[in-house]
Amino acid sequence: MRRLVVFIALGLAALWLVVGLGPVRADDTLPPAPYAYRQLSDPVQEEKAQRLMETIRCLTCQSQSIADSDASMAGDMRSQIRERIAAGEEPEAIRQWLVARYGDYITYAPRVTGLTWPLFAAPIAILLLAAVLLRKRFRRNDAQGDGRP
């Protein structure tokens with residue numbers, strides 16, 4: 001009898017989550033932002049917005065730009081970008097605002113700063129180290145005289 005009560009309680013809890021009565025689906029009930037799926041009327045401004053949106057990473061998907069993502073957060077960010085461009089703000093100023101708000105990770109073209117320079121220097125250092133090691137290895141083989149013509 002005790003097992004039956006536990007089984008029914010777990011079943012009801014699972015049903016409660018599936019139906020969406022919990023906080024799991026709370027974000028999906030909000031309407032989309034005004035410019036999330038609507039383009040600007042000025043084609044020049046829309047082109048600026050598109051170019052910028054293709055270089056901004058979706059924080060929900062993390063592998064897509066906000067131009068390609070269907071996540072609600074990406075829609076909100078697209079709307080923010082379009083509204084700011086329509087108000088006359090420059091794309092680089094909008095990018096700086098997004099980086100200040102969300103960090104360097106949001107852009108696909110991160111800046112070289114005191115914090116990020118090792119990420120840019122590491123591949124060069126590894127290639128130089130590999131070249132030095134290979135050179136030493138080949139010189140050692142030549143000095144041993146392996147008998148090949």
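Data block above holds the structure.
Residues numbered from 1 in each chain as written. Predicted model: local features only at pLDDT ≥ 70, side-chain atom pairs only at ≥ 80, totals over all residues. Heavy atoms only, no water.

1. Details of the overall build of the chain
What counts is decided by this rule: Under the scheme used here, helices are H or I runs from DSSP no shorter than 4 residues and strands are E runs no shorter than 2 residues, and both carry numbers assigned from the N terminus. We call two residues in contact when some of their heavy atoms are within 4.5 Å. Here, Shrake-Rupley sampling with a 1.4 Å probe gives the accessible areas, and only protein chains in the shown set may cover a residue.
Each helix and strand in the chain was counted, giving five helices and zero strands. By sequence separation, contacts in the chain at least 24 residues apart represent 53% of the contacts at least 6 residues apart. A total of about 11200 Å² of accessible surface is found on the chain, and carbon and sulfur atoms cover 62% of it.

2. A short note on the pattern of salt bridges
Applicable threshold: Salt bridge, as used here: a side-chain nitrogen of Lys or Arg that lies within 4 Å of a carboxyl oxygen of Asp or Glu. The cut-offs for exposure are 20% and 50% of the maximum accessible area for each residue type, with area from a 1.4 Å probe on protein chains only; residues under the lower value are buried, those over the upper are exposed, and the others partly exposed.
Counted according to the given criterion, the structure contains four salt bridges. The salt bridge partner of arginine 82 is glutamate 46, with a shortest N-O separation of 3.0 Å. Of this pair, arginine 82 sits in helix 3 (residues 72-86) while glutamate 46 sits in helix 2 (residues 43-53), and the two are 36 residues apart along the sequence. Each member of the pair, arginine 82 together with glutamate 46, is buried. A salt bridge links arginine 95 to glutamate 92; the shortest N-O distance between them is 3.4 Å. Residue arginine 95 and its partner glutamate 92 are located together in helix 4 (residues 91-102), separated by three residues, close to a single helical turn. Classification of glutamate 92 as partly exposed rests on a relative accessible area of 45%.

3. Overview of helix 3
Helical geometry note: an α-helix holds 3.6 residues per turn, so side chains three or four residues apart project in the same direction. What counts, and what does not: Expected span, for any helix, means 1.5 Å times one less than how many residues it has.
With 15 residues, helix 3 extends 21 Å from end C-alpha to end C-alpha; this agrees with the ideal 21 Å at 1.5 Å per step. For helix 3, every residue scored as buried is listed here: Ala74, Gly75, Met77, Arg78, Ser79, Ile81, Arg82 and Ile85. Buried residues along helix 3 sit in contact with helix 2 and helix 4. In the segment just after helix 3, glycine 88 is the residue with positive phi, at about 100°.

4. Looking at a nonpolar patch on the surface
In plain terms, the rule: Excluding any residue in a salt bridge, patches collect residues exceeding 30% relative accessible area, merging like charges within 9 Å and nonpolar Val, Leu, Ile, Met, Phe, Trp and Tyr side chains within 5 Å.
Judged by side-chain polarity, Met1, Leu4, Val5, Phe7, Ile8, Leu12 and Leu15 come together as a nonpolar surface patch covering roughly 800 Å² of accessible area. Here isoleucine 8 is to be found in helix 1 (residues 2-19). Residue isoleucine 8 is classed as partly exposed on the basis of its relative accessible area of 45%.

5. Observations concerning the state of the cysteines
The condition is simple: In this description, a disulfide is simply a cysteine sulfur pair whose atoms lie within 2.5 Å.
In this structure the tally under the stated criterion is zero disulfides. Summary of cysteine pairing: cysteine 58 is not part of a disulfide, and the nearest cysteine sulfur, belonging to cysteine 61, is at 3.6 Å.

6. Concerning helix 2
Spelled out, the test is: Regarding the arc, it is the one traced by the directions from the helix axis to the C-beta atoms.
Every buried residue of helix 2 is accounted for by Glu46, Ala49, Leu52 and Met53. In an axial view of helix 2, the angular spread of the buried residues amounts to 125°, which keeps them on one side of the axis. When the buried face of helix 2 is taken as reference, the exposed residues oriented beyond 90 degrees from it are Pro43 and Val44. Of the surrounding elements, those touching the buried residues of helix 2 are helix 3 and helix 4.

7. With respect to the nonpolar core
Convention followed: Take the buried Ala, Val, Leu, Ile, Met, Phe, Trp, Tyr and Cys residues and link them wherever side-chain atoms come within 4.5 Å; each set so joined is a nonpolar core.
Grouped together as the largest cluster of nonpolar side chains are 16 residues, with contacts concentrated most on Ile56, Ile66, Ile81 and Leu98. For this core, the secondary structure elements donating two or more residues are helix 2, helix 3 and helix 4. Here this core gets four residues from one element, more than from any other, and that element is helix 3.

8. Some thoughts on the packing of helix 2 against helix 3
For clarity, the threshold we go by: Here an angle of 0 to 180 degrees is reported between the N-to-C directions of two axes, which are lines fitted to C-alpha atoms, with helices fitted over the stretch in contact. For this classification, under 35 degrees means roughly parallel, over 145 means roughly antiparallel, 65 to 115 means roughly perpendicular, and everything else is oblique. Note: crossing handedness is left-handed where the near helix turns anticlockwise from the far helix by less than a right angle, and right-handed where it turns clockwise. Asp, Glu, Lys and Arg are counted as charged, while Ala, Val, Leu, Ile, Met, Phe, Trp, Tyr, Cys and Pro are counted as nonpolar; the rest, among them Gly, fall into the polar class.
Packing of helix 2 against helix 3 leaves a shortest axis separation of 10 Å and a crossing angle of 140°. Looking at the two axes, helix 2 sits oblique to helix 3. Our pair here, helix 2 against helix 3, has a crossing hand that is right-handed. Between helix 2 and helix 3, the contacting residues are Gln45, Glu46, Lys48, Ala49, Gln50, Leu52 and Met53 on the first element and Arg78, Ile81, Arg82, Ile85 and Ala86 on the second. Among the residues making up the contact of helix 2 with helix 3, the classes are represented as six nonpolar, two polar and four charged.

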